[in-house]
Amino acid sequence: MQESPILFGCMGPCLGAGWGLGWPLQVGEEGTAWARLEHPGRSFIPAWLPRSAPFPVPAPRGCHPNLVPTGPPLSWRAMEGDSTLQLHVFDLNCWAIRYLSKRRQERVRLIGDVLRQERFDLVLLQEVWSEQDYSELKAKLGGCYPFSHYFRSGVIGSGLCVFSRFTILDTLLYQYSLNGYPYMLQHGDWFCGKSVGLVIIKISGIIFNVYVTHLHAEYCREKDAYLPHRLVQAWELAQFIRHTSKAADVVLLGGDLNMHPEDVGIRLLRGWTGLQDAFAEAKHFEGCKDGCTLIPNNCFTIKTELLPFPLGIRIDYILYKAISSFMVKCEELKTTTGSAPGRDIPFSDHEAVMATLHIRRHRGAASATLSTAVPALVDVVTEARTEVGVGLRAAQRQRYSTGRLAVLALLLLLLQAAAVLGTLAGLGGQPFPKLSFSLLAFLAVGILLLATGLHLFHTIEVKMLQGTEEQMRMALRVLQERASDG
């Protein structure tokens, strides 16, 4: 009998009427005693929780839904310190771009089959760009993941979705203010509406804020034109988590962050939010060396992009932290290692990340908001602000260039209009050939519209970068004051 997200504590005889007394016991595959409810149609309630538990609890995997563990009716308030909630989390960038991704439909079916077989507690997926793929996954997984949500944004969507064995209480989507350039068609990030999605889940009385996200890709590490945008996204993600998780007990973040563990964006995100890296904290690890999630052995990866990294790179993460009087530990972390078992293809060009988290109540003080020492965090924010400043100056140059081009196109149109008026008034000489004159006018109009659109886009970019730089400046002032007071 496989493990499920149940509370492991001291199991003893049932206490009180209605807690399993008189019910026939059955023994599971691993020797666990289970009591069968004699009243069909009743919801499944663990015997150690009060009947007023405000959430549905799925039956343990491999068991009939009317089988429940026997044990004392403990609530979290009555639990001892060794009671633990176990949570299995699955995270994957599915690389499911309609018409472009290789063997997409076959891989989506494979992902659904594996998720239905393994039965994780939370599934966080990225790059599910087709709502048809999401609908097929939802239909296939509805029996074991009855709750799900698909986040919609941008032109073709965010690609983010969540499947859960537990009731989703609320959802929220935040679309990043900067996400590449609309004229970089070969990359296409701008059309995706990169975002962060939030689902709020209650498990055993614990409020979980679960975030799933996908940041802008890094197409060239040596000359990364998108670094300022990705840093703005990392900062907005950190701020979004900080300001929406105040009522939560536990925070989970999964997704393709498109940043190496030592990059300034990751250090900024972790330092500013206090999130811990499941790979770094895991007691047991199994999978690709160094936890890499983009590896040369995967048949779908572009080998030339990984030449500087023979082992691959780690850009997919599961991060977590406890906010209130709880502790979260990563007991085990696994990654896939290329082709799926028994198949000649992997799930995706990315490797899946699977974490087993243990959550327990403790009597100590609540964990601090910032995990990094203040002087180190000051250095990280300063470095990030410097990179954002570089991007700001580049955006200002682009805004000036496109504005000047729009003015030149407008002047050309005005000259043509003046020539036409002069000819109609009989003041001009030999007019231009009509075809050439018309083509020139259409060209000027096209340049004017394009340059004006780009000027407006870069104006917005400048304002967003200025706003982020100002937020970082204020954050630095607060951190420096805190350091001086300490």
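Just so it is clear, the model here is predicted, and its values are computed rather than measured.

### Brief notes about the sheet that holds strand β12 (residues 250–256)
Logical step 1: Spatially, six strands are ordered β9-β10-β11-β12-β15-β13 in an open sheet, and the strand pairing comes out mixed. Every interior strand has two partners, whereas the edge strands, β9 (168–175) and β13 (276–277), have only one.
Logical step 2: Its contacts with the sheet place helix α4 (residues 227–244) against β9, β10 (195–203), β11 (206–214) and β12, and it is angled at close to 165° to β11.
Logical step 3: Sitting on the sheet, helix α5 (residues 264–273) is in contact with β12, β13 and β15 (316–322), with an inclination near 15° to β15.

### Concerning the side chain of D277
Logical step 1: Here D277 lies in strand β13.
Logical step 2: In this structure the side chain of D277 is engaged in a polar contact, spanning 2.8 Å, whose partner is the side chain of R314.
Logical step 3: The contact partners of D277, leaving out residues within four places of it in the chain, are R270, R314, Y317, I318, L319 and Y320.

### Side note on the layout of surface pockets
Logical step 1: Here the largest pocket is characterised by a volume of approximately 1200 Å³.
Logical step 2: What lines the largest pocket is a set of 43 residues, among which A217, Y219, I302, E305 and D349 lie closest to the centre.
Logical step 3: Put simply, the parts of the chain that give the lining of the largest pocket at least two residues each are β5 (84–96) and α3 (189–192).
Logical step 4: Element by element, the count of residues in the lining of the largest pocket is highest for α3, at three residues.
Logical step 5: A class-by-class count of the residues in the lining of the largest pocket yields 20 nonpolar, 12 polar and 11 charged.

Criteria and cut-off values
Residues numbered from 1 in each chain as written. Predicted model: local features only at pLDDT ≥ 70, side-chain atom pairs only at ≥ 80, totals over all residues. Heavy atoms only, no water. Pairing = 2+ DSSP bridges. Helix = DSSP H or I, 4+ residues; strand = E, 2+ residues; numbered from the N terminus. Contact = heavy atoms within 4.5 Å. Axes fitted to C-alpha atoms, helices over the stretch in contact; angles between N-to-C directions. Polar contact = N/O pair within 3.5 Å; in protein donor to acceptor, adjacent residues only side chain to side chain. 1 Å grid on protein atoms, 1.4 Å probe; cavity = no way out; pocket = protein on both sides within 12 Å on 5 of 7 lines; lining within 4 Å. Points joined across faces, edges and corners; volume = space filled by probe spheres on them. Nonpolar A, V, L, I, M, F, W, Y, C, P; charged D, E, K, R; others polar.

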